[in-house]
Amino acid sequence: MPPFLRPLLLLLTLQTLAGCEDTPPPPTTDAGTADAGTADAGTADAGTADAGPYVWDGTYTELEERGDWQDTGPFAPCAFDAQDASTNACEELSRFDMSRCDPEALAALPQDGIYLANGRDDRLLADGGPPDSTSPLGFQLRTDGGTSTMYDEPLLHRDTEGGRFAVVGRLTRTGTTVAMLGCQTPAPGIVTGCFASCRRGKVNQRGTFQAHRVAHSSGEPESSGGLTLVSERFVAVGQPVDVYVAKGHAYVVSLSHLGRPGGLTVFDVSDPKNPVFRTSISLPSDNFWNGVWAKGDALYVASSVMGTLVYDITQPAAPTFVRNLPTGDFGAHTVLVDGDRLYAMVPNTGTFVYDVTQPLNPVPRARITVPGDVDSGGPHDTFAHGNRLYISNAFGPYAVMDVTDLDDVKLLGTYPRPDLAYSHHSAVGTFAGRTLAFEGGEFNASHVRVLDVTNPARIVKLGEFRMRPITSVHNLILRGTRLYVAWYHEGLRVLDVSNPTKPTQLAHYNTFRETDPHRGDSIFEGVFSVRLPGDGYVYIVDSSRGLLIFNEL
């Protein structure tokens with residue numbers, strides 16, 4: 001990923017070492033158990049510790065880290081001429097050479113649908129450098145009288161009939177204009193072609209793209225593996241992105257999105273098959289709320305303005321504001337409770353730690369930083385396991401910290417990725433006597449990595465699981481030998497990780513529907529969050545559909 005893309009991708013997201021061994025320690029062969037935490041609201045994750053016998057005996061072969069996006073060459077036989085480019089070069093469609101394209105195939109493409117694309121940036125090739133992946137591209141074509149969009153903003157130009165396929169859009173927040181011209185259709189629901197991106201009067205990217213219509217067209221059913229939807233409730237406040245279940249209630253937080261203010265929505269889920277709306281909270285000057293957790297009578301909300309908000313849920317259906325915990329200019333992006341510690345992750349700043357022995361009265365204890373926090377975007381999320389904190393450090397490396405003594409926090413090791421992909425979220429457990437991290441990135445082609453973090457100074461990749469290269473992982477939870485993954489457009493995916501070297505899909509549920517209200521063309525659409533509170537049900541939030549509850553497998 002080119003370094004100049006980091007500010008753009010970070011902007012899009014917020015709108016969302018001790019040891020000296022050079023080789024992995026020898027694997028053990030005891031059966032072990034997968035530690036995924038306990039089910040009460042005050043731990044780092046929800047789940048039981050023992051899911052039965054495991055297939056894996058602890059042996060593995062180290063896998064090469066190839067990054068998220070993998071180059072397979074140009075997507076289409078077309079090109080963009082950037083020579084003598086003017087201020088409006090990306091709107092000059094005559095600059096595209098489409099002479100080797102297939103108009104007949106393009107004429108058969110549906111005239112509606114939501115597409116996500118990977119772009120292969122060729123701008124470095126002339127200098128002998130490698131091609132690279134661009135920021136994710138998305139557009140929505142409509143024939144129902146609605147507005148066709150790119151980046152969820154109205155298209156500047158559309159010509160998709162008679163064997164032509166051209167869309168031009170602009171991201172007004174950055175002044176970026178993108179033109180995409182289709183060339184071929186290698187498979188149903190897929191179009192390839194050429195693109196050019198212009199910013200501040202200059203062509204900053206050009207190359208080829210591959211766009212997939214997001215709605216599954218491969219014949220995959222809506223669900224598999226016995227994963228059954230038992231109830232669903234729309235969330236009227238903003239774009240829902242996270243949920244926490246405590247005291248028989250589901251607390252859903254939302255971002256402000258496309259003119260709709262975010263906030264908090266509370267459902268009584270004492271009967272998960274029939275959730276009952278209780279209340280919603282939205283503050284006029286502070287309603288970009290991205291994360292939520294609970295401990296005892298306290299509810300903690302990550303606010304991009306006021307830091308961490310503390311609410312009293314003694315009466316769970318009617319949260320009462322207590323105070324906020326300021327974290328500086330960037331607010332808080334995510335929160336996590338582990339035992340008597342509250343962790344608040346702050347972009348470009350670090351991880352703030354509080355003592356919550358008295359849940360409604362957090363006491364500041366420390367601020368944890370990883371080298372390069374400011375340049376990388378800082379911590380996005382963390383996971384606590386034993387006396388270690390596993391920090392997903394945005395565009396920086398995945399980091400392991402010893403937090404036994406908050407007055408003497410130590411960096412134990414990091415796991416950098418070659419493509420500077422976004423480190424987003426993880427879940428950690430013990431398998432066959434080894435400590436394994438299931439690490440997920442974000443943005444196009446992100447996937448689940450299985451990392452042996454037993455020796456943090458020598459972190460080793462031993463497995464992975466991928467979906468389509470145009471979609472993104474978001475959050476995940478480990479429950480015994482089952483990994484529940486909130487995979488945006490791919491819905492909820494349940495992986496069997498009893499053999500962590502070869503994760504396999506056990507069940508799934510596709511939540512994404514193009515016709516859902518407020519459904520946009522961003523890569524940040526679909527399932528954001530998943531929780532397993534230990535009541536026999538799985539709770540997720542979908543950016544459009546709201547709160548969905550499933551049976552736990």
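Each chain carries its own residue numbering, running from 1 in the direction its sequence is written. A pLDDT threshold of at least 70 governs which residues receive local features in this predicted model, and a stricter bar of 80 or more applies before side-chain atom pairs are shown or counted, although totals over entire chains, interfaces and linings include all residues. To obtain the side-chain values, all non-hydrogen atoms of the structure were used and water was disregarded.

1. Quick word on the layout of surface pockets
Estimates place the volume of the second largest pocket at around 310 Å³. Only protein atoms enter the 1 Å grid used here, on which a cavity is any set of points holding a 1.4 Å probe that cannot leave and a pocket is any open set flanked by protein within 12 Å on both sides along at least five of seven lines; residues with an atom within 4 Å of a point are listed as lining. Looking at the second largest pocket, it is lined by 19 residues, and the ones nearest its centre are Gln-140, Leu-141, Arg-142, Asp-144 and Glu-514. Secondary structure follows DSSP: runs of H or I at least 4 residues long count as helices, runs of E at least 2 residues long count as strands, and numbering of each begins at the N terminus. At the level of secondary structure, the elements contributing two or more residues to the lining of the second largest pocket comprise β3 (113-121) and β5 (137-141). Classification used: nonpolar for Ala, Val, Leu, Ile, Met, Phe, Trp, Tyr, Cys and Pro, charged for Asp, Glu, Lys and Arg, polar for all others including Gly. Residue composition of the lining of the second largest pocket, grouped by class: three nonpolar, eight polar and eight charged. Grid points are joined across faces, edges and corners, and a volume is the space filled by probe spheres set on the points.

2. Quick notes on the sheet that holds strand β18 (residues 276-281)
Taken together, the four strands give an open sheet; going across it, the order is β15-β16-β17-β18, and neighbouring strands pair in antiparallel fashion. Since the sheet does not close on itself, it has two edges, and those belong to β15 (239-246) and β18, each with one partner. Taken over all neighbouring pairs, the strand axes of this sheet differ in orientation by 20 degrees on average, direction set aside. At least two bridges found by DSSP between two strands are what make those strands a pair. One ladder, built from five bridges, connects strand β17 (residues 263-268) with β18; its direction is antiparallel. Among the inter-strand pairings, Thr-265 is bridged to a residue of β18, identified as Ser-280. Only the stretch in contact is used when fitting a helix axis, every axis being a line fitted to C-alpha atoms; angles between N-to-C directions are given from 0 to 180 degrees.

3. Description of empty space enclosed by the protein
Size it by volume and the largest cavity reaches roughly 220 Å³. For the largest cavity, the lining is made up of 24 residues, of which Trp-293, Asp-381, His-425, Asn-475 and Arg-531 are closest to its centre. Listed by contribution, the elements that provide at least two residues to the lining of the largest cavity are β15, β19 (289-295), β23 (334-338), β27 (381-385), β31 (422-431), β35 (475-479) and β39 (527-531). Across the lining of the largest cavity, the residue classes tally to nine nonpolar, 11 polar and four charged.

4. A short note on the pattern of salt bridges
Put simply, a salt bridge is a Lys or Arg side-chain nitrogen that is within 4 Å of an Asp or Glu carboxyl oxygen. Taken as a whole and judged by the stated rule, the model has 32 salt bridges. In this structure, Arg-493 engages Glu-220 in a salt bridge whose closest nitrogen and oxygen atoms are separated by 2.9 Å. Of the two residues, Arg-493 sits in strand β37 (residues 492-496) while Glu-220 sits in the loop between β12 (202-213) and β13 (223-224), which places them 273 residues apart along the sequence. Between Asp-408 and Lys-410 there is a salt bridge, with its nearest N and O atoms 2.7 Å apart. Accessible area is worked out with a 1.4 Å probe on protein chains only. A residue is then buried under 20% of its type maximum, exposed over 50%, and partly exposed in between. Judged by its relative accessible area of 37%, Lys-410 falls in the partly exposed class. Salt bridges sharing partners connect three or more residues here, namely Glu-65, Arg-66, Asp-68, Glu-439, Arg-449, Lys-461, Glu-464 and Arg-466.

5. Some remarks on the environment of Arg-213
Secondary-structure assignment places Arg-213 in strand β12. Measuring from C-alpha to C-alpha, the distance between Arg-213 and Gly-189 comes to 5.1 Å, with 24 residues separating the pair along the chain. Two N or O atoms count as a polar contact when they lie within 3.5 Å, although within protein this holds only if one can serve as hydrogen donor and the other as acceptor, and sequence-adjacent residues are included solely when both atoms are side-chain atoms. Separated by 2.8 Å, the side chains of Arg-213 and Glu-514 make a polar contact.

6. Details of the side chain of Asp-286
Its location among the elements puts Asp-286 in the loop between β18 and β19. By the counting rule applied here, Lys and Arg register as positive and Asp and Glu as negative, while His and the ends of each chain are not counted. In this structure Asp-286 is buried but unpaired, with Arg-323 as the nearest side chain of opposite charge at 13 Å. At 3.1 Å, the side chain of Asp-286 forms a polar contact with the side chain of Trp-289. Contact between two residues is taken to exist if any of their heavy atoms lie within 4.5 Å; hydrogens are not considered. Among all residues touching Asp-286, those that are not within four sequence positions of it are Ser-303, Val-305, Met-306 and Leu-309.

7. Digging into the confidence of the model for the protein
Averaged over the protein, the pLDDT score is 87; the fraction of residues at 70 or greater is 87%. A residue's pLDDT is simply how confident the predictor is in it, with values from 0 to 100. In the model, residues 1-52 has pLDDT below 50 throughout and makes 170 contacts with residues more than four positions away in sequence or in other chains.

8. Structural notes on the state of the cysteines
By definition, disulfides here are pairs of cysteine sulfur atoms that lie within 2.5 Å. With the rule as written, the count across this model stands at three disulfides. Here Cys-78 connects covalently by a disulfide to Cys-194, the sulfurs 2.2 Å from one another. Handedness here is read from the sign of the S-S torsion; for Cys-78 and Cys-194, about 110 degrees, the answer is right-handed. One end of the pair, Cys-78, is in the loop between α1 (6-14) and β1 (79-80); the other, Cys-194, is in strand β11 (residues 190-199), and 116 residues separate them in sequence.

9. Quick notes on the nonpolar core
In plain words, nonpolar cores are sets of buried Ala, Val, Leu, Ile, Met, Phe, Trp, Tyr and Cys residues tied together by side-chain atoms within 4.5 Å. Counting 72 residues, the largest nonpolar core has Leu-299, Leu-389 and Leu-547 as the members making the most contacts within it. Apart from residues lying up to four places away in sequence, Leu-389 is in contact with Leu-336, Tyr-343, Thr-351, Ile-368, Thr-382, Phe-383, Ala-384, Ala-399, Val-400, Met-401 and Val-403. Among the nonpolar cores identified, the runner-up in size contains 31 residues, and Tyr-415, Ala-432, Val-453 and Leu-495 belong to it.

10. Describing the side chain of Arg-434
Inspection of the secondary structure assignment puts Arg-434 in strand β32 (residues 434-442). A polar side-chain atom of Arg-434 sits 2.7 Å from a polar atom in the side chain of Asp-452.

11. Examining the sheet that holds strand β20 (residues 298-303)
Strand-to-strand pairing in sheets goes through backbone hydrogen bonds, with the strands running parallel or antiparallel. The four strands are arranged β19-β20-β21-β22 in an open sheet whose pairing can be described as antiparallel. Whereas interior strands pair on both sides, the edge strands pair on one side only; in this sheet they are β19 and β22 (320-325). Neighbour-to-neighbour, the strand axes of this sheet turn through a mean angle of 25 degrees, independent of strand direction. Note: β19 against β20, six bridges, orientation antiparallel. Bridged to Trp-293 within β20 is Tyr-300.

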